[in-house]
Amino acid sequence: MYQQDATLIWSIFLSKTPEPQISTILGQHSIHQFLKTIPELFFEVKSYDCQTIAVPDANNITILIVSGNAYPIDSNPIIPQYPFHSAFHIQMKEESKSAAICYQTMHFFNSPA
């Protein structure tokens, strides 16, 4: 899912804290290890957009923007718990006919304290 040298920017903007909590995770293994530490979430997608950028003499990059609400698995899904916005840069590997995430940002807003 992630390239070997991928980057993940993970941020949480708490309404009670003036500064966001931001983590930068580098590399496929570190990203997978980091994702194991967060609570399980259910994502409700409210909107998305996808655009491919053709790069001459290089592998194309697709940008995917997703926003909506994330709910902890053990909570009541009627009340949005974590509004989110995420951007993915996905690189196509023509030679192997595969694609992987090379860069992702994940932002949560107004998280419960």
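The structure we're discussing is the one just above.
Note that the structure is a prediction, hence the values are computed from the model and not measured.

**Student:** Pulling in residues and values, what's your account of the layout of surface pockets?
**Tutor:** Looking at the largest pocket, its volume works out to about 310 Å³. If you list the elements that add at least two residues to the lining of the largest pocket, you get strand S1 (2-14), strand S3 (41-53), strand S5 (82-93) and strand S6 (98-111).

**Student:** Could you give an account of the nonpolar core, with specific residues and numbers?
**Tutor:** Of all hydrophobic cores here, the largest spans 14 residues; its most connected members are Leu8, Trp10, Ile25, Ile31, Phe84 and Phe108. Elements with a minimum of two residues in this core: S1, helix H1 (28-35), strand S4 (61-72), S5 and S6. It is S1 that provides the largest number of residues to this core, a total of 4 residues. Beyond its immediate stretch of four places on either side in the chain, Ile31 contacts Tyr2, Ala6, Thr7, Leu8 and Ile25.

**Student:** Describe the packing of aromatic side chains, naming the residues involved and giving the relevant values.
**Tutor:** Under the criterion given, the structure shown has 5 aromatic pairs. Here Trp10 and Phe34 contribute two aromatic rings whose centre-to-centre distance is 5.4 Å and whose plane-to-plane angle is 75 degrees, an arrangement assigned as edge-to-face. Of the two residues, Trp10 sits in strand S1 while Phe34 sits in helix H1, which places them 24 residues apart along the sequence. Like Phe34, Trp10 is buried. Ring centres of Phe42 and Tyr71 lie 6.1 Å apart, and the angle between their planes is 25 degrees; this geometry places the pair in the stacked category.

**Student:** So what's going on with the side chain of His107? Residues and values would help.
**Tutor:** Assignment of secondary structure puts His107 in strand S6. Polar side-chain contacts of His107 include one of 2.3 Å to the side chain of Ser11. What His107 contacts, discounting residues up to four positions off in sequence, is Ser11, Phe13, Pro83, Phe84 and His85.

Quick notes on the rules
- Residues numbered from 1 in each chain as written.
- Predicted model: local features only at pLDDT ≥ 70, side-chain atom pairs only at ≥ 80, totals over all residues.
- Heavy atoms only, no water.
- 1 Å grid on protein atoms, 1.4 Å probe; cavity = no way out; pocket = protein on both sides within 12 Å on 5 of 7 lines; lining within 4 Å.
- Points joined across faces, edges and corners; volume = space filled by probe spheres on them.
- Helix = DSSP H or I, 4+ residues; strand = E, 2+ residues; numbered from the N terminus.
- Core = buried A, V, L, I, M, F, W, Y, C linked by side-chain atoms within 4.5 Å.
- Buried < 20%, exposed > 50% of the residue type's maximum accessible area, 1.4 Å probe, protein only.
- Contact = heavy atoms within 4.5 Å.
- Phe/Tyr/Trp six-rings, centres within 6.5 Å; stacked < 30°, edge-to-face > 60°.
- Polar contact = N/O pair within 3.5 Å; in protein donor to acceptor, adjacent residues only side chain to side chain.

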